[in-house]
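Geometric and topological summary
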Amino acid sequence: MKKTVKKRKTPPTRGPAGAVPDLIRESGVKPSLCIIGCGTLGSYLIRRLLDLHGDAVEIIAVEMGGRRIRNEEEMGVAADAGNTHVASHGRYFGLGGTSARWGGQVLFFDERDNPQNDPTWSEIIRINQRHRRTVLEQLLGNTARSIEFNPDVAHSELSTKLKTGIWLKYSHRNLYKRLVKPLRKRIRLITGRRIVGFQMEEGQVNAVVLKTADGLTETLPADRFYLTTGALESCRLLLKVQSSYPPLRNMPIGKNFGDHISTELFVVHGARPQLDGIDFTPRVVNGSLVTKRLVAVAGNGMVGFVHFVFNKDIRAFRFLKEMLFGKMSTKIGLRDLLQGAGFLFRFAWGMLVKKRLWVHPEQWSVQLDMEQAVPNSNSLELTLQPDRYGEPALKINWEICEEDKKAIADVRSRVEAILQRNKLNYTAKYDPAVPGNKVEDVYHPVGCLPVGEVLSMTGKVNAIANLWHFSTAMLPAARSINPTAAVMCHIEEHLQNEWPPQDF
Ligand SMILES: Cc1cc2nc3c(=O)[nH]c(=O)nc-3n(C[C@H](O)[C@H](O)[C@H](O)COP(=O)(O)OP(=O)(O)OC[C@H]3O[C@@H](n4cnc5c(N)ncnc54)[C@H](O)[C@@H]3O)c2cc1C
């Protein structure tokens, strides 16, 4: 049975795009904004809307999960994902979404991410640079001021490639928690309902269709809609709209899908993590971990980053990480605990007293995360297979292409030259001459709803007057960063450039 969610005191009467804004204001009804998905970016957006415009609008948030965080299998929405784990291990459902499980490392694009001077990338970088400070202050509070971002230490060729990353304090990781009780009281939160469709009328969304896990449907009207259901589910929903809404037909929805592909290049033995005099040991600033990585540009122009992985073989460290990030796979016995006690003491001493991550003095890994080539033949599409909600499940066609492998091989040889110049003793892990190297995707889904083609730079879906979308899918590629905070910069750009709204 279909019914309409009707909780507002006076439902807004809406006409065609751009109609009678004054009538709405005179009637005393605030324009309504519907945020679809209350995960990482949905929570960030709600908080910023409340901060900046909260008194002028009514905010309704619809979230398919609840307080308990679940994976796609538990939620009944598993994708047919072939050889990528981006759907099964890379997204979580419930309040806070994937931020309840993510690493929480924050970085931004800069001019080094655009070696080919592409105009779309120039604009993405401008937006990142313009709002970086605001996003950092939102996520880190006062700590943002104590962190020197990409300090100007260009005393060697290597130092020009340095990029700073900041792991959010563990307690700041789930972004839904930024919506503290007094703020939550100012929004209408509907949980346990999945958005499964958009009712289109005269070039805009009139209402969204909500479905419960047991199949009941309702419609929810609003003046403006923000789709923040994560890169994969948002793409699935827009593929559905595309199939019945001709203005979207020629847009590359679901095409050129990419991720970072990550591989261990070398293990270094018997030396501190220092290259050309630069120490890569992460530092602790007010509970956040500040890291350094190297921006890597391959000969074919593809961009990625080289970073350093510490304490990989210490079971107690692995256990600690898995415990914190809710993914227990390391089994630990009493013997491990006793052996790990020394490590845990040094770890705690480092974090609390020395303000540095304690790193094993004998061994560290050099890891490369490379973006994937664009254009590529990876894609997202709808299957005929229904999920638990009776919705067409998502199919992900993903592979690592020859161009990707070329980029890895090229950066690998540059990194090896750096290790040799620093006279380090190392074991090679990735061998470009043989098949079967371990290369994995790392849950940074990009490219399938790109700005400049499907969306504007401020996230508006082209050809739909009142629908915006924010997720990493809007970035054409992942380049040298873990990309979530970069999307927050696009949210800030939208809030600064497109308010007060002209469409109410
Ligand atoms: C282990 C791990 C580590 C990571 N580390 C980092 C990192 O260090 N730095 C970084 O930048 N990125 C990292 N990422 C990626 C990052 O977590 C994601 O880019 C980000 O959380 C995605 O935010 P989102 O708001 O787009 O999606 P989500 O946070 O997944 O939110 C989507 C929300 O929408 C809800 N929803 C879904 N479908 C519907 C629907 N149809 N109707 C209603 N609600 C719906 C979901 O329940 C969820 O709450 C990591 C990811 C993983 C898995």
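All of these numbers come straight from a predicted model, not from anything done at the bench.

If you tally the helices and strands in the protein, you get 11 helices and 22 strands. In terms of overall dimensions, the protein is globule-like: its C-alpha atoms have a radius of gyration of 23 Å, near the 23 Å expected for 504 residues. With the principal axes as the frame, the protein shows a C-alpha extent of 75 × 45 × 45 Å. The burial tally for the protein puts 55% of its 504 residues in the buried class. For the protein, the share of sequence-separated contacts (at least 6 apart) that also reach a separation of at least 24 residues comes to 75%. Taken as a whole, the protein presents about 21800 Å² of accessible surface, with 52% of it coming from carbon and sulfur. If the 68 positive side-chain charges of the protein are averaged to one point and the 52 negative ones to another, these points end up 7 Å apart.

As a further point, take the sheet that holds strand E22 (residues 467–469). Here 5 strands make up an open sheet; going across it, the order is E6-E3-E2-E10-E22 and the pairing parallel. Each edge of the open sheet is held by one strand with a lone partner, namely strand E6 (187–191) and E22. For this sheet, the mean inter-axis angle between neighbouring strands, taken without regard to orientation, is 20°. Pairing geometry for strand E2 (residues 32–36) and strand E3 (residues 58–63), over 5 bridges, is parallel. Bridge pairing in E3 links Cys34 to Ile60. Its contacts with the sheet put helix H2 (residues 40–53) on E2, E3, E6 and strand E10 (224–227), and the angle it makes with E2 is roughly 160°.

Another aspect to go through is the packing of H2 against helix H11 (residues 484–497). A pair of packed helices can be characterised by two numbers: the angle between their axes and the separation between those axes. The geometry of H2 relative to H11 is characterised by a closest axis approach of 11 Å and an angle of 30° between their N-to-C directions. In terms of orientation, H2 lies roughly parallel with respect to H11. Between H2 and H11 lies a crossing of right-handed hand. The residues of H11 that touch H2, namely those facing Thr40, Leu41, Tyr44, Leu45, Arg48, Leu49, Leu52 and His53, are Thr484, Val487, Met488, Ile491, Glu492 and Leu495. Per-class residue counts for the contact of H2 with H11 are 9 nonpolar, 3 polar and 2 charged.

All right, on to the pattern of salt bridges then. A full pass over the atoms with the stated rule returns 30 salt bridges. The closest approach of N and O atoms between Arg112 and Asp110, which form a salt bridge, is 2.8 Å. Here Arg112 falls in the partly exposed class, since its relative accessible area comes to 21%. Between Arg412 and Glu416 there is a salt bridge, with the nearest N and O atoms lying 3.2 Å from each other. Of the two residues, Arg412 and Glu416 both sit in helix H10 (residues 402–421), 4 residues apart, roughly one turn of that helix.

As a further point, take the site of the ligand. What surrounds the ligand is a group of 35 residues, the closest being Thr40, Leu41, Glu63, Thr98 and Gln105. Within the side chain of Thr40, an N or O atom sits 2.6 Å from an oxygen atom of the ligand. Between Gly104 and the ligand, the recorded distance is 3.1 Å, taken from a backbone N or O atom to an oxygen atom. Coverage of the ligand by the protein amounts to 94% of the 1000 Å² it exposes when considered alone. Of all the secondary structure elements, the ones that give two or more residues to the shell around the ligand are H2, E3 and strand E7 (194–201).

Right, let's get into the packing of H2 against helix H4 (residues 119–140). Relative orientation of the contacting elements H2 and H4 amounts to 100°, with a least axis distance of 12 Å. The angle between the axes of H2 and H4 places the two elements in the roughly perpendicular class. Every residue of H4 that contacts H2 at Tyr44, Arg48 and Asp51 is listed here: Thr134, Val135, Gln138 and Leu139. For the contact of H2 with H4, the class distribution of residues is 3 nonpolar, 2 polar and 2 charged.

For the rest of this paragraph, the subject is the nonpolar core. With 140 residues, the main nonpolar core has Val208 and Ile396 as its most contacted residues. At 8 residues, H4 tops the list of elements feeding residues into this core. Excluding residues within four positions of it along the chain, Ile396 makes contact with Ala79, Asp80, Ala81, Gly82, Thr84, Val86, Ala87, Leu232, Phe257, Ser379 and Leu380. Formed by 5 residues, the second largest nonpolar core is a distinct cluster that contains Met64, Met75, Val77 and Tyr389.

Another aspect to go through is the environment of Gly104. Along the polypeptide, Gly104 turns up in the loop between helix H3 (72–75) and strand E4 (105–106). Sequence spacing of Gly104 and Tyr170 is 66 residues, and the spatial spacing of their C-alpha atoms is 8.2 Å. For Gly104, the residues in contact, after removing those within four places along its chain, are Ile166, Trp167 and Leu168.

Below, the discussion takes up H2. Over its 14 residues, H2 runs 20 Å from end to end, which matches the ideal 20 Å to within 8%, given 1.5 Å per residue. Summarising burial for H2: 11 of the 14 residues are buried, a large majority.

Let us look at a nonpolar patch on the surface. Residues Phe345, Trp349, Leu352 and Val353 make up a contiguous nonpolar surface patch of roughly 470 Å² in combined accessible area. Inspection of the secondary structure assignment puts Val353 in helix H9 (residues 334–354).

Conventions we followed
Residues numbered from 1 in each chain as written. Predicted model: local features only at pLDDT ≥ 70, side-chain atom pairs only at ≥ 80, totals over all residues. Heavy atoms only, no water. Helix = DSSP H or I, 4+ residues; strand = E, 2+ residues; numbered from the N terminus. Rg over C-alpha atoms; globule rule 2.2 N^0.38 Å. Buried < 20%, exposed > 50% of the residue type's maximum accessible area, 1.4 Å probe, protein only. Contact = heavy atoms within 4.5 Å. Areas by Shrake-Rupley, 256 points an atom, 1.4 Å probe, with all protein chains shown as cover. Lys, Arg positive; Asp, Glu negative; His and termini not counted. Charge placed at Lys NZ, Arg CZ, Asp CG, Glu CD. Pairing = 2+ DSSP bridges. Axes fitted to C-alpha atoms, helices over the stretch in contact; angles between N-to-C directions. Parallel < 35°, antiparallel > 145°, perpendicular 65-115°, else oblique. Left-handed = near helix turned anticlockwise from the far one by under 90°. Nonpolar A, V, L, I, M, F, W, Y, C, P; charged D, E, K, R; others polar. Salt bridge = Lys/Arg side-chain N within 4 Å of Asp/Glu carboxyl O. Near = heavy atom within 4 Å. Polar contact = N/O pair within 3.5 Å; in protein donor to acceptor, adjacent residues only side chain to side chain. Core = buried A, V, L, I, M, F, W, Y, C linked by side-chain atoms within 4.5 Å. Expected span 1.5 Å × (residues − 1). Patch = residues over 30% accessible without salt bridge, like charges linked within 9 Å, V, L, I, M, F, W, Y side chains within 5 Å.

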